[in-house]
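Structural overview
So you can see what is in the structure, the chains are spelled out below.
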Amino acid sequence: MANDAPRCFQDVILTLQTYWAEQGCAILQPYDTEVGAGTLHPATTLRALGSKPWRAAYVQPSRRPKDGRYGENPNRLQHYYQFQVILKPNPPNLQDLYLQSLVRIGIDPLLHDIRFVEDDWENPTVGAWGLGWEVWCDGMEVSQYTYFQQVGGLDVRPVSGELTYGLERLAMYVFGVDRVYDLPFNDPASATPLTYGDIFLENEKQQSRFNFELSDAEQNLRWFTDAEATAKRLLEAGAVLPAFDYTLKASHLFNLLDARGVVSPTERQSFIARVRDLAKGCASAWAESQNA
Amino acid sequence: MPELFIELFSEEIPARMQKRAEEDLDKLIHEKLGARGLKWTVSTTFSSPRRLGVCIADLPAKAADINEEKKGPRVGAPDQAIQGFLRSAGLASIDQAQVVEDKKGAFYVARIERAGAATSAIVQEVLPEIIRQFPWPKSMRSQSSDLQWVRPLHNICCVFDGREVKIDVVGVGSEAATWGHRFHAPAKIAVKSFEQWDRDLRAAKVIPFGGNRKDYIVEASKKACAERGLEWVEDPGLLEEVAGLCEWPQIIFGDMDPAFLDLPAEVIRLSMRTHQKYFAVRDPKTKKLAPHFIAFANVQAKDGGKAIAAGNRRVLSARLNDARFFWETDKKTPLFTEERKEKLKKIVFHQKLGSVWDKVERVKALAVELCAVTGADKEQVIRAADLCKMDLVTETVGEFPELQGRIGRELASLIRPTGEVTSKGASAVSEHDSVAVAVEDHYRPLGPNDRVPTDKVAVTLALADKLDTLAAFWSIDERPTGSSDAYGLRRAALGVVRVLLAGNERASLNKTLLGALRPFTTDDGEVMRLRNFLREFLFERLKVQLRDSGKRHDLLDAVLKGQDDDLVRIVARVEALDAVLKTEDGANLLAGYKRAANILAAEEKKGKWSAGEARGQVDAAKLAEPAEKALHEALGKALPAARAAVEREDFAAAMKALSSLRAPVDAFFEKVLVNDSQEQLRRNRLLLLTRLVEATSAVADFSKIEG
C-alpha cells in the first residue's frame with residue numbers, strides 16, 4: 001500500500017506506522033494511562049534521557065479535559081490522537097525523512113506550501129524544552145517538530161528528534177473535511193463505513209459533561225495528593241517506572257481539576273510545580289539507571 | 001584582490017533572527033580578521049531561512065608581514081635579562097641580535113621579521129571560532145555534537161580566491177557547495193564565486209537576499225491590489241517576517257467569506273497577522289477591510305497556487321469562525337456584569353498586591369482625585385474605571401490578549417436596550433463615548449511611539465492606572481533594574497510624563513503620588529520615602545524624554561533645584577532657559593555667573609567669606625566705581641522683575657529680566673577689582689556677586705548647566 005494515497009483516518013495512521021517502521025522505529029502501542037500529549041508516553045519522556053540509541057513511533061490518545069466542547073465545535077476535542085515519533089540521536093536527514101512521510105500521506109510539496117515556522121516547544125510540567133518548528137501546510141499547523149534539549153530539567157545527550165502529528169487535523173486537511181466528526185474513519189467503500197463521529201461523538205458529549213459538570217473536585221484533589229505521595233514513595237523505593245505512572249495520574253487529575261475551574265491562577269503555578277518536581281525526580285532516577 | 005565567500009547552510013532559521021544574525025556575522029568577521037592584520041573595504045551579508053553568509057570582495061591573499069624592532073638589555077647585562085630577552089623576541093641565541101650604540105652605551109636589538117599568514121589559513125582558524133561564539137538569541141545542540149547553533153548546521157561553504165577552503169567544525173560538513181530550493185531544486189550546486197553562487201541560486205529558485213525578497217513581496221502585493229482596485233495594508237513587521245519565511249516568495253491572493261467583516265477589524269487583522277502571517281487588504285475609499293488576504297507561499301505550485309489558496313482560505317475561515325464564536329458570546333452581555341467582576345476578583349494582579357478588581361478600586365479612587373487636575377467628569381471617570389478591566393475576562397481577549405482595551409471599547413460602544421420602555425418604544429443606549437474611549441485608551445501610551453490619550457476621561461484614567469502601578473510595585477520593593485523591567489514600570493512612568501505634558505495637566509507630583517501611595521502603607525515616614533523615590537524616578541523619565549526630543553538634560557537638573565513638582569512648569573522653565581542660553585546675552589550671563597560663583601567659592605575656601613557675611617546688605621553709599629554702581633542698580637531692577645515673572649509663570653520674561661544683567665555684569669568684571677585692599681569695598685563687591693547668583697537662582701541653578 002506504500003504508494004496508495006490514504007482514503008480514511010485509519011489509512012493515515014497505518015501509512016505513518018508503515019513508513020516509520022521502514023525507518024527502523026519500534027512501533028509501540030498507546031500508553032495505558034491518561035496523558036495530555038504523546039510526549040508524556042515513557043517511550044518519549046524517559047527514553048529521551050541517557051545515551052542509548054532509541055527509535056520508536058506510536059499513536060497516543062491524548063486527553064485535554066478543558067478542550068471539551070460537547071461535540072459542538074468542528075475542531076476541538078477533549079480526546080484526540082497524536083502520532084508520535086522519536087529518534088535518538090536525531091538522524092542528520094530527519095527533515096527529509098519527515099517530508100517524505102507527508103508525501104506518503106498524499107501531500108505533494110510542489111502542490112502545497114510546506115513551511116518550517118519557528119516554534120520552541122516547552123512542557124513546564126515535565127521540565128522539558130526543545131527548539132524546532134511547527135510545520136505548516138498551506139497555512140495550517142500539521143506537525144510539531146522538536147529537537148529535545150532538556151527533559152526533567154536535565155540536558156539530553158545525544159539529542160532526540162521528536163515529531164508529533166496532530167492526526168485529526170492532518171486527516172481533515174488531506175480529505176478536505178471541515179468538521180472532524182465527518183472524517184471517514186475506515187474505508188468509506190467498505191461494508192460498514194464508519195465516520196469519526198460514529199465512533200467518538202457520543203464520547204465527546206459525555207466526557208465533556210463529566211469534565212465540566214460531573215467530575216468530583218474534592219475527590220480528584222484527594223486523589224491528586226495520594227498520587228503525588230505514592231509517586232514520591234515509589235521514587236524513594238527506586239521504582240522509577242511505577243513512580244512515573246503515578247506522576248502521569250497526578251498530571252491528569254490536575255487537568256481535571258483545572259477543567260472544573262476550581263484552580264486559581266496562583267494555585268495553578270503550585271500544582272504545576274508539584275507535578276514538575278515528580279517528573280524531575282523520575283527523569284533523574286531514570287537517567288542514572290540508563291547511564292550506569 | 002581575491003574574494004572570500006562564506007555560506008553557512010542550516011535548517012530553517014527563525015525569521016525574526018535573520019537580520020540580526022547578518023549584523024553579528026559581519027561584526028565578528030571584522031573583529032577576527034581585522035585582529036589578524038587583514039584589511040578590506042567591501043563586505044556583503046545575506047540570509048534566508050536556510051542560509052547565512054558574507055562575501056568580502058577585496059581581501060589580500062595574505063596578511064601584512066610583521067617587521068618590528070625590539071629593544072633589549074644593554075651589552076653585558078646579567079644572563080637572566082639576556083635569556084628573558086631571547087625568549088620574548090623568539091631568538092635562539094644572542095648572536096642573532098644586533099648591537100646598537102646610543103649616548104648611554106651599547107645595547108641589543110632584535111629585528112623580528114615574520115611573513116604574514118596566508119588569508120585562507122587565517123580563515124580556517126578564525127571561522128570555527130566565529131561559529132562557536134555566535135550570539136544566537138537561542139541555540140541548540142544536535143545529534144551527539146556539542147556545537148550550539150540556532151538549528152542543525154549542515155554545511156560550511158568557504159571559498160577564497162576561487163578555491164575551496166575546508167573548515168573544521170566537528171559534525172558539520174565543509175564543501176564548496178550549496179543547495180537550491182528545498183522542493184524545486186534540491187540538488188547540490190558547486191560554488192566558485194559569489195557572483196556565480198548568486199546566479200545559480202536564483203536559477204535554483206532561491207532569492208538569497210532578504211532585501212530582494214522584501215522588494216518582491218511589496219511589489220507583488222501592490223500590483224495584485226492595484227489590479228483589483230484595492231489597497232494593500234502595509235505592515236513593516238509582518239513584511240520582515242514573511243520575507244524571512246521563504247526563499248522563493250510566491251503571492252497567493254485569497255478570498256474570505258465577506259460575512260466575517262462583521263467582526264471587529266482588529267480581530268480579523270490579528271487572526272491574519274499573528275496566526276497566519278497574511279497581509280490585509282482594504283478598500284481605498286472607505287479604508288475598511290476588504291474580504292481578501294495576501295499570503296506568500298514558498299513554492300511555485302504546479303496548479304498555479306489554487307490548492308494553496310483554497311487551503312489557506314479554509315484555515316482562515318476556521319480561525320475566524322472561532323473568533324466569531326468568542327465575539328458573539330461576549331456580545332450577549334453588557335461589558336459590565338457582576339459575573340465578570342467576580343472573575344476579576346479571582347485574577348491575581350500580583351501575589352502581594354491583590355486581585356485585578358482590587359486594582360480597579362484603587363484606580364477609581366485615585367482617578368476621582370485627579371479629576372480636580374484634569375477637569376474630567378467625575379461620574380464618567382467612575383464608570384470608565386469600573387469598565388476598564390472587564391474585557392480581560394471576555395472570550396475574545398482570552399484568545400487575543402493583544403486586544404485588551406480594544407475589545408472593551410467595542411463592547412462599550414454597542415447600543416443595548418436599557419429595559420425601560422418610553423412613549424417612543426424601548427430605549428437603547430451605549431456607554432458614553434468618553435467612557436468607551438477611556439476603556440481602550442487608559443493603557444496608552446503603550447510605548448515611546450504610541451499616541452497619548454486626549455479625551456479628559458481617558459487622560460484621568462490613564463494617569464491613575466499608571467500611577468497606581470508605580471506606587472504598587474514601589475511599595476513591595478519591585479523596581480526596575482538596569483537590565484530588567486518585568487512589570488513595565490519605566491514605560492508606565494514615561495507614560496505619566498507624556499500624558500501630563502501633552503495634556504498640559506497641572507498636577508503637583510508630590511500630592512498626586514501621596515494619593516497613589518495611600519492604599520499601600522499608613523506609615524507616614526514610609527510614604528514620604530517612597531514618594532521621594534518615585535518623584536525622582538519620574539524626573540529621570542522626564543530627563544530621558546527631554547533628551548530624546550533633543551533638549552539638553554543638564555538644563556533639567558538646573559531647574560529641578562527649585563523644589564518644583566509640576567512637570568508642565570518644569571518643562572516651561574527648561575525651554576525658557578534653553579532659549580535664553582542660545583542668545584549671546586544668555587551665554588555671557590552664564591559666563592558672568594560662573595565667574596561670580598568661582599570668586600565667591602574661592603574666597604569661602606580661603607576663609608575670607610562666609611554664608612553669614614553673604615547675608616549682609618550692599619552699602620550703596622560705599623560703591624565707588626561707576627560699573628559697580630550700575631550693576632547694583634541693574635540688580636535692583638532685575639531681581640524683583642525676574643521673581644515677579646516667575647510668580648506668574650512667565651519664564652521667558654524672567655529670563656529676559658536676567659539677561660538684562662549681561663552688560664552691567666560684563667562691565668563690572670572688566671572695570672572693577674573685586675578683592676580691593678579696602679575691606680569695605682571688597683565686602684560690597686562680594687555682596688554684589690552674591691546678589692547676582694541669587695538673582696539667577698530665582699529661575700534656575702546655573703551651577704548645574706554645563707559649558
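1. What to know about the overall build of chain B
Helix and strand counts for chain B come out as 26 helices and 18 strands. Its C-alpha atoms give chain B a radius of gyration of 36 Å, more than 25% over the compact-globule value 27 Å for 707 residues. If one aligns the C-alpha atoms of chain B with their principal axes, the spans along those axes are about 120 × 100 × 50 Å. Looking at chain B residue by residue over its 707 residues, the buried ones come to 51%.

2. With respect to the side chain of Thr-164 of chain A
Residue and element names in this part refer to chain A. Tracing the backbone shows Thr-164 in strand E9 (residues 161-166). Within the structure, the side chain of Thr-164 is placed 3.0 Å from the side chain of Gln-84, a separation counted as a polar contact. Once residues within four sequence positions are removed from consideration, Thr-164 is found in contact with Gln-82, Phe-83, Gln-84, Val-142, Ser-143 and Gln-144.

3. Some words on a positive patch on the surface
Residues and elements named next belong to chain B. Taken together, the side chains of Lys-71, Arg-74, Lys-103 and Lys-104 make up a positively charged region of the molecular surface. Positionally, Lys-71 belongs in strand E4 (residues 66-74). Relative accessible area serves as the criterion here: at 61%, Lys-71 is assigned to the exposed category.

4. Looking at the sheet that holds strand E6 (residues 105-114) of chain B
Residue and element names in this part refer to chain B. Reading across the sheet, the three strands line up as E4-E6-E5 and stay open at both edges, with antiparallel pairing between neighbours. Two strands bound the open sheet, and with one partner strand each, they are E4 and strand E5 (98-102). Between one strand and the next, the sheet's axes are offset by a mean angle of 35 degrees, whatever the strand orientation. As judged from the seven bridges shared by E4 and E6, these two strands associate in the antiparallel manner. Looking across to E6, one finds that Ile-66 is bridged to Arg-114.

5. Some remarks on the pairing of strand E4 (residues 114-118) of chain A
Residue and element names in this part refer to chain A. E4 sits mainly inside the fold: four of its five residues count as buried. Sheet topology places E4 next to strand E6 (residues 128-137); five bridges connect them, and they run antiparallel. Along E6, the bridge assignment pairs Glu-118 with Trp-133.

6. Some thoughts on the environment of Ala-507 of chain B
Residue and element names in this part refer to chain B. With respect to the helices and strands, Ala-507 occurs in the loop between helix H16 (489-502) and helix H17 (509-517). Overall, the relative accessible area of 6% leaves Ala-507 in the buried class. Sequence separation between Ala-507 and Leu-239 is 268 residues; the distance between their C-alpha atoms is 43 Å. Excluding its chain neighbours within four sequence positions, the residues that come into contact with Ala-507 are Val-373, Leu-500, Thr-512, Asp-565 and Asp-566.

7. As for the pattern of salt bridges
Residue and element names in this part refer to chain B. What the rule picks out here adds up to 77 salt bridges over all chains. Notably, a salt bridge pairs Arg-569 with Glu-649, separated by 2.8 Å at the nearest N-O pair. Highlighted residues: Arg-569 in helix H20 (residues 567-581) and Glu-649 in the loop between helix H23 (626-647) and helix H24 (651-659), separated in sequence by 80 residues. Under the relative-accessibility criterion, Glu-649 is labelled partly exposed at 32%. Counted as one network, the salt bridges with shared partners bring together Arg-406, Arg-409, Glu-410, Glu-440, Asp-441, Arg-444, Asp-450 and Arg-451.

8. Some thoughts on the sheet that holds strand E7 (residues 153-160) of chain B
Sheets are built from strands paired through backbone hydrogen bonds, the pairs being either parallel or antiparallel. All names here are of chain B. Reading across from one edge, E2-E3-E1-E7-E8 is the order of the five strands in this open sheet, with antiparallel pairing throughout. Lying at the two open borders of the sheet, with one neighbouring strand each, are strand E2 (43-48) and strand E8 (163-164). Both strand E1 (residues 4-10) and E7 contribute to a ladder of seven bridges, which runs antiparallel. The residue of E7 that forms the bridge with Glu-7 is Cys-157.

9. Some words on the interface of chain B and chain A
The extent of an interface is frequently quoted as the accessible surface area lost upon association of the parts. The partner chain A presents 44 residues to the 45 residues of chain B that form the contact. When the buried surface of chain B facing chain A is broken down by residue, Arg-141, Gln-143 and Phe-183 of chain B rank first, second and third, together holding 20% of it. Put simply, chain B and chain A have eight salt bridges between them. Between Arg-157 of chain A and Asp-146 of chain B there is a salt bridge, with its nearest N and O atoms 2.5 Å apart. Scanning the region where chain B abuts chain A turns up 23 residue pairs in polar contact (both at pLDDT 80 or more). For the side of chain B that touches chain A, the secondary-structure elements that each account for two or more residues are helix H1 (15-35), helix H7 (265-276), strand E14 (289-297) and helix H8 (306-331) of chain B.

10. Quick look at the domain arrangement of chain B
Assigned domains within chain B: domain 1 (4-61 + 118-203), domain 2 (66-114), domain 3 (210-331), domain 4 (338-550) and domain 5 (577-704). Between domain 1 of chain B and domain 2 of chain B, the C-alpha centre-to-centre distance is 44 Å.

11. A few points about the environment of Arg-233 of chain A
Residue and element names in this part refer to chain A. Structurally, Arg-233 can be placed in helix H6 (residues 217-236). Arg-233 sits in the exposed class, given a relative accessible area of 53%. Considered as a pair, Arg-233 and Leu-49 are 184 residues apart in the sequence and their alpha carbons are 22 Å apart.

12. Here's the deal with the packing of H16 of chain B against H20 of chain B
Residues and elements named next belong to chain B. Running from N to C, H16 and H20 point in directions that differ by 75 degrees, and their axes come no closer than 9 Å. Considering the angle they form, H16 stands roughly perpendicular to H20. Note on element contacts: H20 touches H16 through Leu-567, Val-568 and Val-571, opposite Val-497, Leu-500 and Leu-501. For the contact of H16 with H20, the class distribution of residues is six nonpolar, no polar and no charged.

13. Some points on unusual backbone geometry
With an omega of -5 degrees, the peptide bond between Arg-157 of chain A and Pro-158 of chain A qualifies as cis. Within the element layout of this structure, Pro-158 of chain A appears in the loop between strand E8 (154-155) and E9. With an omega of -5 degrees, the peptide bond running from Arg-444 of chain B to Pro-445 of chain B counts as cis. As for its position among the elements, Pro-445 of chain B is in the loop between helix H14 (433-441) and helix H15 (456-475).

14. Some words on the confidence of the model for chain B
When the pLDDT values of chain B are averaged, the result is 91; 100% of them are 70 or greater. For this predicted complex, the interface confidence score (ipTM) comes to 0.94, while the overall pTM stands at 0.78.

15. Digging into helix H6 (residues 236-243) of chain B
An α-helical segment advances 3.6 residues per turn. Residues three or four places apart therefore align on the same side. Among the residues of H6 of chain B, those classed as buried are Leu-238, Leu-239, Val-242 and Ala-243 of chain B. Buried residues of H6 of chain B, viewed axially, fall in a sector of 130 degrees; they line one side.

16. Notes on the layout of surface pockets
Residues and elements named next belong to chain B. Here the second largest pocket is characterised by a volume of approximately 610 Å³. For the lining of the second largest pocket, the elements supplying multiple residues, two or more each, are strand E15 (348-350), helix H10 (356-374), H15 and H16. Per element, the largest residue contribution to the lining of the second largest pocket is four residues, and it comes from H15. Of the residues assigned to the lining of the second largest pocket, the class counts are twelve nonpolar, three polar and five charged.

The rules we used
Residues numbered from 1 in each chain as written. Chains lettered and ligands numbered in written order. Predicted model: local features only at pLDDT ≥ 70, side-chain atom pairs only at ≥ 80, totals over all residues. Heavy atoms only, no water. Helix = DSSP H or I, 4+ residues; strand = E, 2+ residues; numbered from the N terminus. Rg over C-alpha atoms; globule rule 2.2 N^0.38 Å. Buried < 20%, exposed > 50% of the residue type's maximum accessible area, 1.4 Å probe, protein only. Polar contact = N/O pair within 3.5 Å; in protein donor to acceptor, adjacent residues only side chain to side chain. Contact = heavy atoms within 4.5 Å. Patch = residues over 30% accessible without salt bridge, like charges linked within 9 Å, V, L, I, M, F, W, Y side chains within 5 Å. Areas by Shrake-Rupley, 256 points an atom, 1.4 Å probe, with all protein chains shown as cover. Salt bridge = Lys/Arg side-chain N within 4 Å of Asp/Glu carboxyl O. Lys, Arg positive; Asp, Glu negative; His and termini not counted. Charge placed at Lys NZ, Arg CZ, Asp CG, Glu CD. Pairing = 2+ DSSP bridges. Axes fitted to C-alpha atoms, helices over the stretch in contact; angles between N-to-C directions. Buried area = accessible area lost by both parts, 1.4 Å probe. Domains from an automatic or database assignment. Parallel < 35°, antiparallel > 145°, perpendicular 65-115°, else oblique. Nonpolar A, V, L, I, M, F, W, Y, C, P; charged D, E, K, R; others polar. pLDDT = per-residue confidence, 0-100. Arc of directions from axis to C-beta. 1 Å grid on protein atoms, 1.4 Å probe; cavity = no way out; pocket = protein on both sides within 12 Å on 5 of 7 lines; lining within 4 Å. Points joined across faces, edges and corners; volume = space filled by probe spheres on them.

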